[in-house]
Amino acid sequence: WEPLLSQLGPEAAAGLLEQVNEARVEAGLEPLAELPQAAEAEASANAVMVRVSLDPEFASMVRLDPDAVVFVVARVPDGSPMPVAAQRRLVRELPLELTLDDGDAVMPTQALSAVREVELVARISSDGTATARSDDVTSPPVRVTLPVEGTVELVLGANR
């Protein structure tokens, strides 16, 4: 499984690294100290920097579970609701900055670097799953043409 580490995005590689190290220890080998350099995924040409925050007025009126799941997704506008790229984070990390790139692809057949335009949205999942529900807290979607310079701002609760 070690060669696969260099083929994955940083988050997926980190999860696999933990399992690889458990197997190495059981086999009497030293655990890997860190991810191989290649797993420090170079951003694709269409990488998108995103800043996610809570609307201050909304945040002052609600009490959010710090362990609630936040999904940040890029999807093809007017296309399938299936994201092209996504990251799963937690409310306690807000405000946060991240980069969506090919390493965050949801389907191996559709990469962020293969599309010209995406709609970005952040969502606090009411039940912790990737399936959107009517009671989820979302940001207004932001449509961008790739590549995009600078950081795209997503504000959760701004449309409530």
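Here, every reference points to the structure presented above.
Everything numeric here is computed off the predicted structure, so don't read it as measured data. (Residues numbered from 1 in each chain as written. Predicted model: local features only at pLDDT ≥ 70, side-chain atom pairs only at ≥ 80, totals over all residues. Heavy atoms only, no water.)

*Asks:* Mind showing me how you'd approach the pattern of salt bridges here?
*Replies:* Side chains that carry opposite charge are capable of pairing whenever their charged atoms lie near each other. Evaluation of the coordinates by the stated rule reveals ten salt bridges. Between Arg 143 and Glu 117 there is a salt bridge, with the nearest N and O atoms lying 3.6 Å from each other. In this pair, Arg 143 is assigned in strand 7 (residues 142-145) and Glu 117 in strand 5 (residues 117-124), connecting sequence segments 26 residues apart. Residue Arg 143 is classed as partly exposed on the basis of its relative accessible area, which comes to 44%. Among the salt bridges present, the one from Asp 135 reaches Arg 133, with a minimum N-O distance of 3.3 Å. Here the salt bridges do not stand alone but share partners, grouping Arg 51, Glu 97 and Glu 153 into one network. (Salt bridge = Lys/Arg side-chain N within 4 Å of Asp/Glu carboxyl O. Helix = DSSP H or I, 4+ residues; strand = E, 2+ residues; numbered from the N terminus. Buried < 20%, exposed > 50% of the residue type's maximum accessible area, 1.4 Å probe, protein only.)

*Asks:* What is the right way to look at the environment of Val 20 in this model?
*Replies:* Note on placement: Val 20 falls in helix 2 (residues 10-26). Given a relative accessible area of 6%, Val 20 falls into the buried group. Sequence-wise, Val 20 and Leu 32 are twelve residues apart; in three dimensions their C-alpha atoms are separated by 8.2 Å.

*Asks:* Got a minute to help me understand the pairing of strand 3 (residues 85-90) in this structure?
*Replies:* Two faces belong to every sheet, and in a regular strand the side chains alternate between them. Here strand 3 shows one buried face, formed by Ala 85, Gln 87 and Arg 89, and one open face, formed by Ala 86, Arg 88 and Leu 90. Examined bridge by bridge, strand 2 (residues 69-75) and strand 3 share six bridges and lie antiparallel to one another. Counted as the bridge partner of Ala 74 is Ala 85 from strand 3. (Pairing = 2+ DSSP bridges.)

*Asks:* Please clarify how the side chain of Asn 46 should be interpreted in this entry.
*Replies:* Here Asn 46 lies in the loop between helix 2 and strand 1 (48-54). In this structure the side chain of Asn 46 is engaged in a polar contact, spanning 2.8 Å, whose partner is the backbone oxygen of Val 115. Non-local contacts of Asn 46, meaning those with residues more than four positions away in its chain, are made with Leu 100, Leu 112, Ser 113, Val 115, Leu 146 and Pro 147. (Polar contact = N/O pair within 3.5 Å; in protein donor to acceptor, adjacent residues only side chain to side chain. Contact = heavy atoms within 4.5 Å.)

*Asks:* For this particular structure, what's the right way to read the nonpolar core?
*Replies:* What tends to happen in soluble globular proteins is that the nonpolar side chains get buried as a cluster. Among the nonpolar cores identified, the biggest contains 27 residues, and Val 50, Val 52, Val 72, Leu 100, Leu 112 and Leu 120 are the most heavily contacted of them. At the level of elements, strand 1, strand 2, strand 4 (96-100), strand 5 and strand 8 (151-156) are the ones that each hand at least two residues to this core. Take this core: its biggest share by element is four residues, from strand 5. Not counting residues up to four positions away in its chain, the partners in contact with Leu 120 are Val 48, Val 50, Val 73, Ala 74, Leu 100, Pro 140, Pro 141, Val 142, Val 144, Val 152 and Leu 154. (Core = buried A, V, L, I, M, F, W, Y, C linked by side-chain atoms within 4.5 Å.)

So, to be careful, I would describe these as geometric facts and stop short of saying anything about function.
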